[in-house]
Amino acid sequence: MKITKIETFKYWIDWCNWLLVKVSTDEGLYGWGEGSLHGAIQSVETAVHEIGAGLIGKDPSGVGRHWQSMYHGWRWRGGPTLSSAMAALDIALWDIEGKRLGVPVYRLLGGPYRDRLRAYASHWLREAATPEQAYDGAKRAVEAGFSAFKWSPFRLASLHANEAAAIRHATELMAAAREAAGPDVEIFCECSEFLSPRSAVIAAKALEPYRPGWFEEPIPFENVAAMVQLQRQLPVPIATGERLLSRWEFTDLIHQGGCKIIQPDLMHAAGITEVLKIASLADTYYIPVAPHNPGGPICTLAAMHLSAAIPNFFILEQMETERSLRDKLCTNPVRCVDGYFELPTAPGLGTDLRLEVLEEYAFKPQPLRDSSESLWH
């Protein structure tokens, strides 16, 4: 069996572009990958074809060998563009290998440790501006069967205008959400790098009575020492890692205790092959893994197979508002029932794609973020 063709397909979905990658062979088998990036997606698409050119004519088996070649075959390596392109190709190769052997990918990874995966509803309460809206939204999450959800209690414009008032307002919303959700539901707080080491401590202490499950990326991710120092002061666990792209980038964060949960993204951190190693590194320090999962169905399935095959899985993100579109796109949709993903049993990742479903979702360039949003308090 030889790889004969690599195709890319991109579509604008709600807030970013999905980039889907199809790797085909001369025996009719093909695999799907995904390298969706909230950013320069056309650069990722170009990189897929540049890196993928080295796969043409080769047997797709031995995914780890191909990963080494893709990563070390370039003098310049790493970065979100190349790592996302590698991820898409790596995931597609695992899909082919599972199909060729007639088993789900998690079997090839040594799993499963579990037959279903706890999920949390992500980007929840997006429109909640009052305690009443926060209460109603949290109640809907529970009624939908979720035992956890994630929301953004902080608004950057409000923090800029009056930090004390913004934190007080976030606390009122959090109190209402906790009242509606009850004591046993996890409420995760997405901070989007809006805070500083100073304001993050203030905010965490204000929200602490309502038991936030984590503060996700409270400060920008680049400075590991700052994150380590903040975790020592914060009464709330830090979750981070969605922008870290390899085991080498995670090493100092994990070794120095910069977080309590890591969130590698399989379609950015160079695919299943690399995230499996990142998860193993985290397991050495008893740190759980909650994969970042903001993309389309292939990203979700790759994260599910990885999560099933590692001992330190914690919880998996579910972009609930995009579920219906992902279900239409898949020939064998992902099942998320009562707040749990059910593992696919079909070979490979477990689905084919109906790309005609996305014909009306034409690609468009990602809008640039306002530069004023990079000002931290």
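As a reminder, the structure under discussion sits directly above these lines.
About the criteria used
Residues numbered from 1 in each chain as written. Predicted model: local features only at pLDDT ≥ 70, side-chain atom pairs only at ≥ 80, totals over all residues. Heavy atoms only, no water. Helix = DSSP H or I, 4+ residues; strand = E, 2+ residues; numbered from the N terminus. Rg over C-alpha atoms; globule rule 2.2 N^0.38 Å. Buried < 20%, exposed > 50% of the residue type's maximum accessible area, 1.4 Å probe, protein only. Contact = heavy atoms within 4.5 Å. Areas by Shrake-Rupley, 256 points an atom, 1.4 Å probe, with all protein chains shown as cover. Lys, Arg positive; Asp, Glu negative; His and termini not counted. Charge placed at Lys NZ, Arg CZ, Asp CG, Glu CD. Pairing = 2+ DSSP bridges. Axes fitted to C-alpha atoms, helices over the stretch in contact; angles between N-to-C directions. Salt bridge = Lys/Arg side-chain N within 4 Å of Asp/Glu carboxyl O. Expected span 1.5 Å × (residues − 1). Arc of directions from axis to C-beta. Phe/Tyr/Trp six-rings, centres within 6.5 Å; stacked < 30°, edge-to-face > 60°.

Draft legend 1. Geometry of the overall build of the chain. Of the regular secondary structure elements, the chain holds 13 helices and twelve strands. Taken against the 2.2 N^0.38 rule, which gives 21 Å for 377 residues, the C-alpha radius of gyration of the chain at 20 Å falls within 12% of a compact globule. On the principal axes, the C-alpha backbone points of the chain span a range of 60 × 45 × 40 Å. Residues classed as buried in the chain amount to 55% of the 377 residues present. At a minimum sequence separation of 6, the contacts of the chain that also span at least 24 residues come to 73%. In the structure as shown, the chain presents an accessible area of about 15300 Å², 52% of it carried by carbon and sulfur atoms. Each charge class in the chain was averaged separately, 36 positive and 45 negative side chains, and the resulting centres sit 3 Å apart.

Draft legend 2. How the structure looks around the sheet that holds strand E3 (residues 30-34). Here we have three strands laid out as an open sheet, ordered E1-E2-E3, and antiparallel in their pairing. If you trace the sheet from one side to the other, it starts and ends with strand E1 (3-13) and E3, each paired once. Neighbouring strand axes in the sheet, compared pairwise and without regard to direction, differ in orientation by 20 degrees on average. One ladder, built from ten bridges, connects E1 with strand E2 (residues 16-25); its direction is antiparallel. Within E2, the residue paired with Lys10 across the bridge is Leu19. Docked against the sheet, helix H1 (residues 41-52) engages E1 and E2, running at close to 175 degrees with respect to E1. Against the sheet, helix H12 (residues 297-308) makes contact with E2 and E3, and its axis sits at roughly 95 degrees relative to E3, the strand it touches most.

Draft legend 3. Geometry of the pattern of salt bridges. Applying the stated rule across the entire model yields 18 salt bridges. Here Glu317 and Lys150 are joined by a salt bridge, their closest N and O atoms 3.2 Å apart. With Glu317 in strand E10 (residues 316-318) and Lys150 in strand E5 (residues 148-151), this residue pair connects regions lying 167 residues apart in the sequence. For the pair Glu317 and Lys150, a shared accessibility class is recorded, and that class is buried. Among the ionic pairs, Arg243 bridges to Glu242, the shortest N-O distance being 3.7 Å. Overall, Arg243 belongs to the partly exposed group, its relative accessible area being 32%. Residue class for Glu242 comes out buried when judged on its relative accessible area of 13%.

Draft legend 4. Local environment of unusual backbone geometry. A cis amide bond links Gly111 to the next residue, Pro112, at an omega of 10 degrees. Turning to its location among the elements, Pro112 is positioned in the loop between helix H4 (105-108) and strand E4 (116-121). The phi dihedral of Asp14 is positive, around 70 degrees, even though this residue is not glycine. Counting through the fold element by element, Asp14 comes out in the loop between E1 and E2.

Draft legend 5. Region of interest: helix H8 (residues 197-207). When H8 is considered as a whole, its buried residues turn out to be Ser199, Ala200, Val201, Ala203, Ala204 and Leu207. Contacts from the buried residues of H8 go to helix H7 (163-181), strand E6 (186-190), strand E7 (212-216) and helix H9 (224-233).

Draft legend 6. Region of the structure containing the side chain of Thr300. One can find Thr300 in helix H12. You can call Thr300 buried: its relative accessible area is 2%. Setting aside anything within four residues of it in sequence, one finds Thr300 in contact with Asn293, Arg326, Val334 and Phe341.

Draft legend 7. Quick peek at helix H5 (residues 131-143). The end-to-end C-alpha separation of H5 is 18 Å, in line with the 18 Å expected for 13 residues at 1.5 Å each. Residues Ala134, Gly137, Ala138 and Ala141 constitute the buried set of H5. Take H5 and look down its axis: the buried residues cluster within an arc of 100 degrees, on one side only. Every exposed residue of H5 that faces more than 90 degrees away from the buried side is listed here: Glu132 and Glu143. Taken together, the buried residues of H5 touch E5 and H7.

Draft legend 8. How the structure looks around the packing of aromatic side chains. Applying the stated criterion to the full structure yields ten aromatic pairs. With 4.9 Å between their ring centres and 10 degrees between their planes, Trp67 and Tyr71 make a pair best called stacked. With Trp67 and Tyr71 both in helix H2 (residues 63-72), this residue pair falls four residues apart, about one helical turn. Judged by relative accessible area, Tyr71 falls into the buried class, the value being 11%.

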